[in-house]
Amino acid sequence: FQVLNICTHLCVRRTTISVIVINCTVLLCITYPMDPLFTDIYRYADMVFLLYYAVEMVMKMVGFGLTNYFNRGWNCFDCFLVTLSLLTSFLTMVPSGIESLRVLRSLRLFLIAQQLPGLMSMIDTVLKCLVPAGTIAAIMSLFFYVYAVAGMTLFGDAGFGHAYYNENNNFSEF
């Protein structure tokens, strides 16, 4: 019960928000090629941030209990990001390209959204608009396809005799 009080305390939540913002700021400062001193500083800062996130996740799991912890979508999202971050940290010793997944840590900014109701409603609205936008994109693709087939049918055998038609600009290939 005491762990739950610590996890939900206002100071801990504000500290977590501050750590997320600082971590994203550090991620923004990464450039290539980077000075070796900054590489070491980044590596140590990365370990500190990851340790903080892992401890926070474990404390929430203990405080809420596993069932209650995983019932909240934001906690599942947080667990996914922390697990992915731990995986990328341990797998960077083997050059595999998985270190590029570190950029997904910036998605932790969405965890701040749950603290801001106005931003939360905007994110909810955008997510609800994605399905109709996909439908509209599918209909537009169908129209483009129909008009491409119509253009090929009407102008496919136009030949290269016109000033605008040549081997690059023609209707002989789809």
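Going by the structure above, here's the rest.
Please read all numbers here as calculations on a predicted model, not as lab measurements.

### Side note on the layout of surface pockets
- Within this model, the second largest pocket holds a volume of roughly 420 Å³.
- Around the second largest pocket sit 23 residues that line it, and C7, R13, T16, E56 and K60 are the ones nearest its centre.
- Looking at the lining of the second largest pocket, the elements with two or more residues in it are α1 (2-8), α2 (10-28), α3 (36-64), α5 (73-91) and α6 (109-113).
- Here the lining of the second largest pocket gets six residues from one element, more than from any other, and that element is α3.
- Each residue belonging to the lining of the second largest pocket can be placed in one class, and the counts come to 12 nonpolar, five polar and six charged.

### With respect to the packing of α3 against α5
- Remark: α3 packs on α5, axes separated minimally by 10 Å, with the N-to-C direction vectors making an angle of 140°. When the axis of α3 is compared with that of α5, the two are oblique. The interaxial crossing formed by α3 with α5 has left-handed handedness. Residue-level contacts link D46, L50, Y53, A54, E56, M57, K60 and M61 of α3 to N75, D78, C79, V82, S85, L86 and S89 of α5.
- Classifying every residue of the contact of α3 with α5 by side-chain character gives eight nonpolar, three polar and four charged.

### Overview of the packing of aromatic side chains
- Scanning the model with the defined rule gives three aromatic pairs in all.
- Their ring planes at 70° and their centres at 6.3 Å tell us that Y52 and Y53 sit as a pair that is edge-to-face.

### Description of α5
- The end-to-end C-alpha distance of α5, which contains 19 residues, comes to 27 Å, matching closely the 27 Å that a straight helix rising 1.5 Å per residue would cover.
- Within α5, burial applies to N75, D78, C79, L81, V82, L84, S85, T88 and S89.
- Contacts from the buried residues of α5 go to α3, α4 (66-71) and α6.

### Topic: the pattern of salt bridges
- This structure, assessed with the given rule, holds three salt bridges.
- Of the charged contacts, one joins D40 and R43 as a salt bridge, the two residues approaching to 3.2 Å between their closest N and O atoms. Placement of both D40 and R43 in helix α3 is noted, with a separation of three residues, approximately one turn of the helix.
- Residue D40 is classed as partly exposed on the basis of its relative accessible area of 34%.
- For R43, a relative accessible area of 42% gives the class partly exposed.
- Across the pair D124 and K128 runs a salt bridge, and its minimum N-O distance is 3.4 Å. Here K128 and D124 lie together in helix α7 (residues 117-155), a separation of four residues that amounts to about one turn.
- The exposure class assigned to D124 is partly exposed, which follows from its relative accessible area of 37%.

Conventions we followed
- Residues numbered from 1 in each chain as written.
- Predicted model: local features only at pLDDT ≥ 70, side-chain atom pairs only at ≥ 80, totals over all residues.
- Heavy atoms only, no water.
- 1 Å grid on protein atoms, 1.4 Å probe; cavity = no way out; pocket = protein on both sides within 12 Å on 5 of 7 lines; lining within 4 Å.
- Points joined across faces, edges and corners; volume = space filled by probe spheres on them.
- Helix = DSSP H or I, 4+ residues; strand = E, 2+ residues; numbered from the N terminus.
- Nonpolar A, V, L, I, M, F, W, Y, C, P; charged D, E, K, R; others polar.
- Axes fitted to C-alpha atoms, helices over the stretch in contact; angles between N-to-C directions.
- Parallel < 35°, antiparallel > 145°, perpendicular 65-115°, else oblique.
- Left-handed = near helix turned anticlockwise from the far one by under 90°.
- Contact = heavy atoms within 4.5 Å.
- Phe/Tyr/Trp six-rings, centres within 6.5 Å; stacked < 30°, edge-to-face > 60°.
- Expected span 1.5 Å × (residues − 1).
- Buried < 20%, exposed > 50% of the residue type's maximum accessible area, 1.4 Å probe, protein only.
- Salt bridge = Lys/Arg side-chain N within 4 Å of Asp/Glu carboxyl O.

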